[in-house]
Amino acid sequence: RDDGTFLNVARLHAGYRAGRVLHGVDLGVAEGEICAILGPNGAGKTTLLRALCGMIRTEGVLRLAGADLPRRRPEAVARLGVAHVPEGRGTFAPLTVEENLRLGAYTRRGRTRIAADIDRVYGYFPVLKERRAQAAGSLSGGEQQMVAIGRALMSRPRLILLDEPSLGLAPLVTRELFHIVKTVNEEERTTVILVEQNAHLTLEFAHRAHVLETGRIVLSGSAQEIRDDEQTARAYLGIG
Ligand code: ATP
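Sequence positions are assigned chain by chain, starting from 1 and proceeding in written order. In view of the model being predicted, local features appear only for residues whose pLDDT reaches at least 70, and side-chain atom pairs are presented and counted only at 80 or more, with totals across whole chains, interfaces and linings using the full set of residues. Think of the side-chain values as coming from all heavy atoms in the structure, minus any hydrogens and water.

- Taking an unreviewed UniProt entry as the reference, the protein is identified by name as High-affinity branched-chain amino acid transport ATP-binding protein LivF belonging to Actinomadura macrotermitis.
- UniProt positions are given in the numbering used here, feature names are shortened, and annotations may be inferred rather than shown by experiment. Of the comments in the UniProt record for the protein, the one headed Sequence similarities (unreviewed entry) reads "Belongs to the ABC transporter superfamily."

Quick look at the structure:
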């Protein structure tokens, strides 16, 4: 059964040898939406993204645009247009900014188009153009996060999974980063799943939000609804 949502997750169970982490996650994401996944440390947010991108064993429904997502085959998932920006960024420190971006185009062919996409990424992140020949490891944390997101954009994803991009960044830098993500979302209609602990700022940029707690979604709504409901904000997010 398919309800027409772009990303359809139902009764999703997943975890590790050491134990299950997700206990029946249900989640629907519309195309073009910025969807925030909020929740405390250890709730399973990172695990949910790993399940979506085919890194770990899963049970349950995982469908993208009406088709089953391949299981345990991250490359096949990437080819379907899912780009994962893992926690800690995963940029290659000794490689230059531009080399890192090129790595993001590994699923694609065509020099001219790849060159055009590098320019497109520099359009979103002008500072990366200035630093194109610099080793990624020599950049600031915020710039490295830009490289990681830029690299993901090189695959022209339909869905981008961002795992705590704000980690270790100053609030102003995070805000700038979220602005750019929003611009990409608006200009390219890229669907975004944004995992964050920083609920306050995230709810300014997301369209909808879901709160994950001990492996289950305990609350879903528009970002506005969740922001405006002080009780929920206090109970689930420690804000308000
Ligand atoms: P955080 O913000 O701390 O990353 P999270 O909500 O993203 O929290 P997860 O990283 O998904 O949570 O972790 C959920 C649970 O899974 C935790 O108990 C964690 O110890 C466990 N876990 C995470 N990765 C692994 C792994 N590779 N092997 C075994 N257990 C893991």
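This is not the end of the story, as more comes after the structure.
## Observations regarding the environment of V25
Stage number 1. By the criteria applied, helices consist of DSSP H or I runs no shorter than four residues and strands consist of E runs no shorter than two, each listed in order from the N terminus. Tracing the chain through its elements places V25 in strand β2 (residues 19-29).
Stage number 2. For every residue, the accessible area (1.4 Å probe, protein chains only) is compared with the maximum for its type, and the residue is labelled buried under 20%, exposed over 50%, or partly exposed between those bounds. We classify V25 as buried; its relative accessible area is 0%.
Stage number 3. As for V25 and R208, which are separated by 183 residues in sequence, their C-alpha atoms are 16 Å apart.
Stage number 4. Whether two residues touch is decided by their heavy atoms; if any such pair falls within 4.5 Å, the residues are in contact. Leaving out residues up to four positions away in the same chain, V25 has contacts with V9, A10, R11, L12, L48, L212, G215 and I217.

## Some thoughts on the sheet that holds strand β4 (residues 58-64)
Stage number 1. Here the rule is simple: two strands pair whenever DSSP picks up at least two bridges between them. Overall, antiparallel pairing links the 4 strands, which are arranged β2-β1-β4-β5 in an open sheet. Only two strands of the sheet have a single neighbouring strand rather than two, namely β2 and β5 (67-68).

## Here we look at the pairing of strand β7 (residues 159-163)
Stage number 1. Where burial is concerned, most of β7 is hidden: 5 out of the 5 residues are buried.
Stage number 2. Alternating positions in β7 separate into two faces, L159, L161 and D163 on one and I160 and L162 on the other, with burial throughout.
Stage number 3. In the sheet, strand β6 (residues 82-85) pairs with β7 via 4 bridges, with the strands oriented parallel. Within the sheet, the bridge partner assigned to H84 lies in β7 and is L161.
Stage number 4. Inspection of the sheet shows β7 paired to strand β8 (residues 191-196) by 5 bridges, in the parallel sense. In the sheet register, L162 faces β8, and the bridge partner there is L194.

## Let's talk about the sheet that holds β8
Stage number 1. Spatially, 6 strands are ordered β6-β7-β8-β3-β9-β10 in an open sheet, and the strand pairing comes out mixed. Among the strands making up the open sheet, the edge pair consists of β6 and β10 (216-222). Across this sheet, the average inter-strand angle for adjacent strands is 15°, counted without regard to direction.
Stage number 2. Where strand β3 (residues 34-38) meets strand β9 (residues 208-213), 4 bridges bridge the pair, whose relative direction is parallel. Across the sheet, residue L38 finds its bridge partner in β9, namely V211. Axis angles are defined between N-to-C directions and span 0 to 180 degrees, where every axis is a line fitted to C-alpha atoms and, for a helix, only to the segment in contact.

## Re the pattern of salt bridges
Stage number 1. Throughout this description, the term salt bridge denotes a Lys or Arg side-chain nitrogen within 4 Å of a carboxyl oxygen of Asp or Glu. With the rule as written, the count across this model stands at 11 salt bridges.
Stage number 2. For the salt bridge of E188 with R120, the shortest nitrogen-to-oxygen distance reads 2.8 Å. Of this pair, E188 sits in helix α7 (residues 171-188) while R120 sits in helix α4 (residues 111-124), placing them 68 residues apart in sequence.
Stage number 3. Relative accessible area serves as the criterion here: at 26%, E188 is assigned to the partly exposed category.
Stage number 4. The buried category is assigned to R120, whose relative accessible area is 14%.

## Topic: the layout of surface pockets
Any space left empty among the atoms is revealed by the rolling of a water-sized probe across them.
Stage number 1. Here a cavity is any set of points on a 1 Å grid over the protein atoms alone where a 1.4 Å probe fits but cannot get out, and a pocket is any open set with protein on both sides within 12 Å along at least 5 of 7 lines; a residue lines the site when it has an atom within 4 Å of a point. Grid points are joined across faces, edges and corners, and a volume is the space filled by probe spheres set on the points. Space inside the largest pocket adds up to approximately 410 Å³.
Stage number 2. Listing elements by their share of the lining of the largest pocket, those giving two or more residues are α2 (74-79), β6 and α6 (141-153).
Stage number 3. For the lining of the largest pocket, the element with the highest residue contribution is β6, accounting for 4 residues.
Stage number 4. Each residue is assigned to one of three groups, with Ala, Val, Leu, Ile, Met, Phe, Trp, Tyr, Cys and Pro labelled nonpolar, Asp, Glu, Lys and Arg labelled charged, and all others, Gly among them, labelled polar. Residue composition of the lining of the largest pocket, grouped by class: 12 nonpolar, 4 polar and 2 charged.

## Digging into the side chain of D117
Stage number 1. Mapped onto the elements, D117 comes out in helix α4.
Stage number 2. The exposure class assigned to D117 is buried, which follows from its relative accessible area of 2%.
Stage number 3. Not counting chain neighbours up to four residues away, the residues in contact with D117 comprise R108, M154 and R156.

## A look at the site of the ligand
Stage number 1. We call a residue near a molecule or strand when any one of its heavy atoms sits within 4 Å of it. Taken together, 14 residues sit near the ligand, with N41, G42, K45, T46 and T47 positioned nearest.
Stage number 2. For this analysis, a polar contact is any N or O atom pair within 3.5 Å, provided that within protein one partner can donate a hydrogen and the other can accept it, and provided that sequence-adjacent residues contribute only side-chain to side-chain pairs. Taking Y16, its side chain carries an N or O atom lying 3.5 Å from a nitrogen atom of the ligand.
Stage number 3. Per-residue and other accessible areas were derived by the Shrake-Rupley procedure at a 1.4 Å probe size, with only the shown protein chains allowed to occlude residues. Out of a free accessible area of 630 Å², the ligand has 61% covered by protein chains.
Stage number 4. For the shell around the ligand, the leading source of residues is helix α1 (residues 45-52), giving 4 residues.

## With respect to the packing of aromatic side chains
Stage number 1. Aromatic pairing here means that ring centres of Phe, Tyr or Trp (its six-membered ring) are within 6.5 Å. Orientation follows from the plane angle: under 30 degrees is stacked, over 60 is edge-to-face, and everything else is tilted. Applying the stated criterion across every chain, the model contains 1 aromatic pair.
Stage number 2. Ring plane angle 80° and centroid distance 5.5 Å describe the contact between F178 and F205, whose orientation is recorded as edge-to-face. Pair noted here: F178 is in helix α7 and F205 is in helix α8 (residues 199-205), with a separation of 27 residues, a long-range link. Summarising the burial analysis for this pair, F178 and F205 share the class buried.

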